[in-house]
Amino acid sequence: DPPRCRWLAGGQVMLASLNVLTAVRPGTVVSVRDGVLGPAAVPAGTCSDACALDVSVVVDFDCDGGAACPVPLAVLRAPSSISDCADATLVLDATVSSAAERGGIGPLSFEWAVNTSASDSAVAIGAKLESLDPSAGRIVLGPSEL
């Protein structure tokens, strides 16, 4: 996933959400491409080398008055096995997972996948999973997918 960015604090702070595979680690200096981003008080396109921006990733980011950042809690409710009857369904429910309740910055997004080497129905299941909105925390796979 590419990084997602948004402005906070009335346009004074940019929050960049990086994926877990990023090479950025605490202490890494991240530079901003010239002419792309500058201080809010400087008109667009007028920023020179004197106002070049870089940031350092903080090891213990202060999430709320000195408290450590909360960690989302992932919970998946699913059966350990399903019937092989023709009308069988499979419900996978991760809606009890939490982010905001634990102090997260926003709602969770979900990404579902199927192990293609472990399922005879991987193509049908994969097509359904790829069509889901990232906010879909609960999915039902019916007989046509299973």
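What comes next concerns the included structure. (Residues numbered from 1 in each chain as written. Predicted model: local features only at pLDDT ≥ 70, side-chain atom pairs only at ≥ 80, totals over all residues. Heavy atoms only, no water.)

### Describing the overall build of the protein
Here is step 1 of the chain: When you go through the protein residue by residue, the secondary structure sums to 1 helix and 6 strands.
Here is step 2 of the chain: In the protein, the order of α-helices and β-strands from amino to carboxyl end is β-β-β-β-β-α-β.
Here is step 3 of the chain: The contacts in the protein between residues at least 6 apart in sequence include a share of 48% that link residues at least 24 apart.
Here is step 4 of the chain: When the accessible surface of the protein is totalled, it reaches about 10800 Å², and 56% of it is carbon and sulfur. (Helix = DSSP H or I, 4+ residues; strand = E, 2+ residues; numbered from the N terminus. Contact = heavy atoms within 4.5 Å. Areas by Shrake-Rupley, 256 points an atom, 1.4 Å probe, with all protein chains shown as cover.)

### Considering the side chain of Ser97
Here is step 1 of the chain: Considering the arrangement of structural elements, one finds Ser97 in the loop between strand 5 (90-93) and helix 1 (122-130).
Here is step 2 of the chain: Assessed through its relative accessible area of 12%, Ser97 is described here as buried.
Here is step 3 of the chain: From its side chain, Ser97 meets the backbone oxygen of Ala94 in a polar contact 2.9 Å long.
Here is step 4 of the chain: If we skip the residues at most four places from it in the chain, Ser97 touches Leu73, Ala74, Val75 and Leu108. (Buried < 20%, exposed > 50% of the residue type's maximum accessible area, 1.4 Å probe, protein only. Polar contact = N/O pair within 3.5 Å; in protein donor to acceptor, adjacent residues only side chain to side chain.)

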